[in-house]
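Working through the structure, step by step
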Amino acid sequence: MKLPTDHANPLIRRLFSFWAPTVETMRGWALASVVVNAGATVTGVAVRVTGSGLGCNTWPKCTPDSFIPVAHPEISPVNMAVEFGNRLVTFLVLAFGVACLLSAMRLAPRRRSLLLLAWLQPVGIIAQALWGGLVVKSVLNPLTVGMHFLISIGLIAACWALYKRAGEGDEPARRLVHRDIRRLGHVLLAAVFVLLVAGVVVTGTGPHSGDAQAGRLDLDIESVARLHADIVYIVLGLTFALLFALHVTDSPRAARRAALALFAVELAQGVIGYTQYFLAVPAFLVGLHALGSTLVWIAALRAVTSLRTRGSAPAPRTPSPTEMAAAV
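In this text the structure is predicted, and so the values were computed from the model without any measurement.

**Quick look at the overall build of the protein**
The number of helices and strands found in the protein is 10 helices and two strands. Traced from its N-terminal end to its C-terminal end, the protein shows the element sequence α-α-α-α-α-β-α-α-α-α-β-α. A globule of 328 residues ought to have a C-alpha radius of gyration of about 20 Å, and the protein, at 22 Å, matches this closely. Each principal axis of the C-alpha atoms in the protein carries an extent, and together these give about 65 × 60 × 30 Å. Out of the 328 residues in the protein, the part that is buried amounts to 44%.

Put into structure tokens, the structure is as follows:
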């Protein structure tokens, strides 16, 4: 019996590689999940900056009478299409999450560490979808909207952990740098997360609420923007310190390159942030800044996980003659 994984077309083989996974394809699905989860955060911000947050004003239906957009006298068809499109992205993200789970389940030898991380994806995506319903029912309360973004950040971290662990073994983590440098990396990652939370507060106070009915946090926008900028300087300082420490201690090249990439992304994000502030927060730059936030988070995860190793990934198990015969 010929399986899709035996197909002559390499694209077909890759699409169905979750059924006969290798370490390489397992990592490929995990990295793809990182990308689609990052994309989902950007489409979510696009909903907000276009004022489409209530384009589908019920959940799980788009309108009280339909799961798909239908003409409504009080809702712009453009806003409805944008919000419905964002809901459809959830199914794409879920498809990649399920592919990661199937890959982890069918990988030989099966690894419990990968299974646990893979399960986080479909479970987290379903939780994210349910939380999206709360966002709609709360009429885009800024706290629920902000948590929606932070759940995505958590999912990206789980996807990255799966990508990293799939390419290494299950030994206890062994540091590749000095102990204090690794601690600095952990402090940096925590600071980046605090920075993202501060960004959520600024967003919840700012002008792009997603809909005219949505409320805003009762805070002074100037004060929260300055606090956000102060945390940016702390993160930049910690990143520069990590980069400097890695270079003077002749640490592994992969760690130095990851820290340098993080510093570059942070600088680019800072330029976008200041530009949008001085241009009165135009919608396009808000979306670009949200993309930058996810890239900073991914780059920080990459930098910190490059500071340790868990050994080599287990060698693939060769199927027995009985298994090979059963597969035919």
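Now that the structure has been shown, we can carry on.
**Quick look at helix α8 (residues 253-278)**
Compared with an ideal rise of 1.5 Å per residue, which puts 26 residues at 38 Å, α8 spans 38 Å between its outermost C-alpha atoms and is within 8% of the ideal. The complete set of buried residues in α8 reads A255, A258, A259, L262, F263, E266, Q269, I272, G273 and Q276. Buried residues along α8 sit in contact with α6 (179-205), α7 (221-248) and α9 (283-305). Positive backbone phi, at 65°, marks A280, one or two positions downstream of α8.

**Looking at the environment of G85**
Along the chain, G85 turns up in helix α3 (residues 77-106). Owing to a relative accessible area of 29%, G85 belongs among the partly exposed residues under this scheme. Considering only alpha carbons, one finds G85 and A104, 19 residues apart in sequence, at a separation of 29 Å.

**Quick look at the side chain of S52**
With respect to the helices and strands, the residue S52 is situated in the loop between α2 (23-49) and α3. Among the polar contacts listed, one links the side chain of S52 to the side chain of T50, at a separation of 2.8 Å.

**Observations regarding the state of the cysteines**
Enumeration according to the criterion identifies one disulfide in this entry. Two residues share a disulfide in this structure: C56 and C62, whose sulfurs sit 2.1 Å from each other. Handedness of the C56-C62 disulfide follows from its S-S torsion of about -70°: it is left-handed. Exposure remark for C62: the relative accessible area of 0% places this residue in the buried category. C100 supplies the cysteine sulfur nearest to C159, a cysteine that is in no disulfide, at a spacing of 6.4 Å.

Analysis parameters
Residues numbered from 1 in each chain as written. Predicted model: local features only at pLDDT ≥ 70, side-chain atom pairs only at ≥ 80, totals over all residues. Heavy atoms only, no water. Helix = DSSP H or I, 4+ residues; strand = E, 2+ residues; numbered from the N terminus. Rg over C-alpha atoms; globule rule 2.2 N^0.38 Å. Buried < 20%, exposed > 50% of the residue type's maximum accessible area, 1.4 Å probe, protein only. Expected span 1.5 Å × (residues − 1). Contact = heavy atoms within 4.5 Å. Polar contact = N/O pair within 3.5 Å; in protein donor to acceptor, adjacent residues only side chain to side chain. Disulfide = S-S within 2.5 Å.

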